[in-house]
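Each chain is listed here by its residues.
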Amino acid sequence: MRWSDLLRMSAESLKRRKLRAFLTILGVVIGTASIVVMISLGLGLQQSMYEQMEMDGGTTGLTVSGKSGDMMYSSSYGNMSSEEESDKYITDETVKELKMLEHVRSAAPVLTYSALALQGKYEGNIQLYGTTGEALEWMNPELEPGGRLPDADSAELELLFGNMVIMDFTEKGTGKGYWDTGELPDIDLARDKFFVILDSDSYYQQQESSGMSMESSGDESGNGDSNTVKTPKKYVLSACGEIAGGMESYNSNSYYVLCDIYKLKEYLQKEFRGRAIPGQPTTQSGKPYSQFVYSSVSVQADDMEHVDELAQTIRGMGYNVSTNVEYINGMKKTLGMVQAVLGGIGAVSLLVAAIGIANTMMMSIYERTKEIGVMKVIGCGLKNIRQLFLLEAAFIGFIGGIAGNVLSFVISGIINMLIPAESLWGTAGNISYIPFWLILASMGFAVLVGMAAGYFPAVRAMRLSPLAAIRNE
């Protein structure tokens, strides 16, 4: 018997029992959709993780940190290392050493510094993130129309605001901001000018001193506080752009204000001339450290295969290193377990569908016993009879697999539309992600389950006695 005949007979058998075939296929649809949607949730998390890693330096990025000292104003950018604190500071010499290492494509110093920004009736603590122009270009942040990266040759310090920095501005006096009122401050981060205060400690001390002076002015003696506080300088700085995304799209730069590191260093040294810069280490006598210390160094390896080797080399130099590859490898194990659990939950539905297929095929054999006997008498081979019922079961799995994938795309679309990824994972992307290979795998699995469920009924049909089958009513 030809394969075309077997296919035609299998299809006609399903058509004759439409309701039973529909209910059996429906079970496969639900089972397939359950597996695909469950696995797609784990894949969505994995996809978001990879996108986040690309923004944080990709798979070739390393973050090198050193001794923190009293750098309470700074923090390493990227993944924090769980290693013990290094006994070395990150200086210009460190950056030069790292650039000379084999397999290092680039090494850029990073300096983070907390400052105060004033605009109209609003004020906000901003986290300045300074690095080189080359590193900023490599980061390649997506900008709002009209924006550009900070210019290192500009006469002033240019600021590139993260898309969520505006949420940290509050109203002077009341201290209320977005997190209190739900309304964003009336500030245009991309175009407005800002008063930026680098010596925020002196600013707050002056505010407190002014409040105390006003209270003491009502005394009969008229004597105020004799201690004077240094008035911090207010730098009028302009924004060169804003990172795209608004409040709906979180990225690694959302809460940072990017700027040129050397221009930031110049401003800090001018502001704190003769004094220790907040966050910089000091000697035992309280004097500034002889060299300027950076928060970290962002290193790019020439290839992902050399990242681990390079990390070990830098650790041997006495510095702490964290890499995206190490983070990804750790997350892969966790995500593998998550996907296995989610896939197992979905597989239960398909197992129930397999029982339905087996039941349908057994009923079909009982109803077609005489037909099977006739086929054997006229010379149809036992192998062809087995193939006929296996194809019928495979048809049920195939049709259910197609419909199940269509349903899974609908469910996935609804999930992504109703639940933003940022609300759960804090990263951009989709909660549910269905790649092409998952579609093919689920289709093949549905067909395989159908054939497995139909195997024993097919064997039973093959072993029926021809004479007993013909006599059966």
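Scroll up to find the structure this text is about.
A quick note: this is a predicted structure, and the numbers were derived from the prediction, not measured. (Residues numbered from 1 in each chain as written. Predicted model: local features only at pLDDT ≥ 70, side-chain atom pairs only at ≥ 80, totals over all residues. Heavy atoms only, no water.)

A closer look at the packing of aromatic side chains
Moving on, step 1. In total, this model carries seven aromatic pairs according to the counting rule given.
Moving on, step 2. Ring geometry for Phe-161 and Phe-194: centres 4.9 Å apart, planes at 40 degrees, overall tilted. Taken together, the residues span a long stretch of sequence, with Phe-161 in strand β4 (residues 159–161) and Phe-194 in strand β6 (residues 193–197) at a distance of 33 residues.
Moving on, step 3. Using a relative accessible area of 0% as the deciding quantity, one classes Phe-161 as buried.
Moving on, step 4. Taking the centre distance of 6.1 Å and the plane angle of 40 degrees together, the rings of Phe-169 and Phe-194 count as tilted. (Phe/Tyr/Trp six-rings, centres within 6.5 Å; stacked < 30°, edge-to-face > 60°. Helix = DSSP H or I, 4+ residues; strand = E, 2+ residues; numbered from the N terminus. Buried < 20%, exposed > 50% of the residue type's maximum accessible area, 1.4 Å probe, protein only.)

Focus on helix α7 (residues 261–271)
Moving on, step 1. All of the buried residues in α7 are Ile-261, Lys-263, Leu-264, Lys-265, Tyr-267, Leu-268 and Glu-271.
Moving on, step 2. Turning to α7, the residues buried within the fold contact α3 (92–99), β2 (104–119), β3 (122–131), β7 (235–242) and β8 (256–260).
Moving on, step 3. Near the N-terminus of α7, the side chain that reaches the backbone nitrogen of Tyr-262, with its oxygen 3.2 Å away, is that of Asp-260. (Contact = heavy atoms within 4.5 Å. Polar contact = N/O pair within 3.5 Å; in protein donor to acceptor, adjacent residues only side chain to side chain.)

Overview of a negative patch on the surface
Moving on, step 1. Among the surface-exposed residues, Glu-102, Asp-302, Asp-303, Glu-305 and Glu-309 lie close enough to one another that they form a single negatively charged patch.
Moving on, step 2. Take Glu-309: it is sitting in helix α8 (residues 307–316). (Patch = residues over 30% accessible without salt bridge, like charges linked within 9 Å, V, L, I, M, F, W, Y side chains within 5 Å. Areas by Shrake-Rupley, 256 points an atom, 1.4 Å probe, with all protein chains shown as cover. Salt bridge = Lys/Arg side-chain N within 4 Å of Asp/Glu carboxyl O. Lys, Arg positive; Asp, Glu negative; His and termini not counted. Charge placed at Lys NZ, Arg CZ, Asp CG, Glu CD.)

Some words on the pairing of strand β9 (residues 296–301)
Side-chain positions along a regular strand alternate between the two faces of the sheet.
Moving on, step 1. β9 sits mainly inside the fold: five of its six residues count as buried.
Moving on, step 2. The pairing of strand β1 (residues 61–65) with β9 spans four bridges and is antiparallel. Paired with Val-64 across the strands is Val-297, a residue of β9.
Moving on, step 3. Where β2 and β9 come together, six bridges link them in antiparallel fashion. Paired with Ser-106 across the strands is Gln-300, a residue of β9. (Pairing = 2+ DSSP bridges.)

Overview of α3
Moving on, step 1. Turning to α3, its buried residues are Thr-94, Val-95 and Leu-98. Viewed along the axis of α3, the buried residues span an arc of 100 degrees, placing them on a single side of the element.
Moving on, step 2. In the core, the buried residues of α3 are packed alongside β1, β2, β9 and α8. (Arc of directions from axis to C-beta.)

Everything listed here is a matter of geometry and, on its own, says nothing about what the molecule does.
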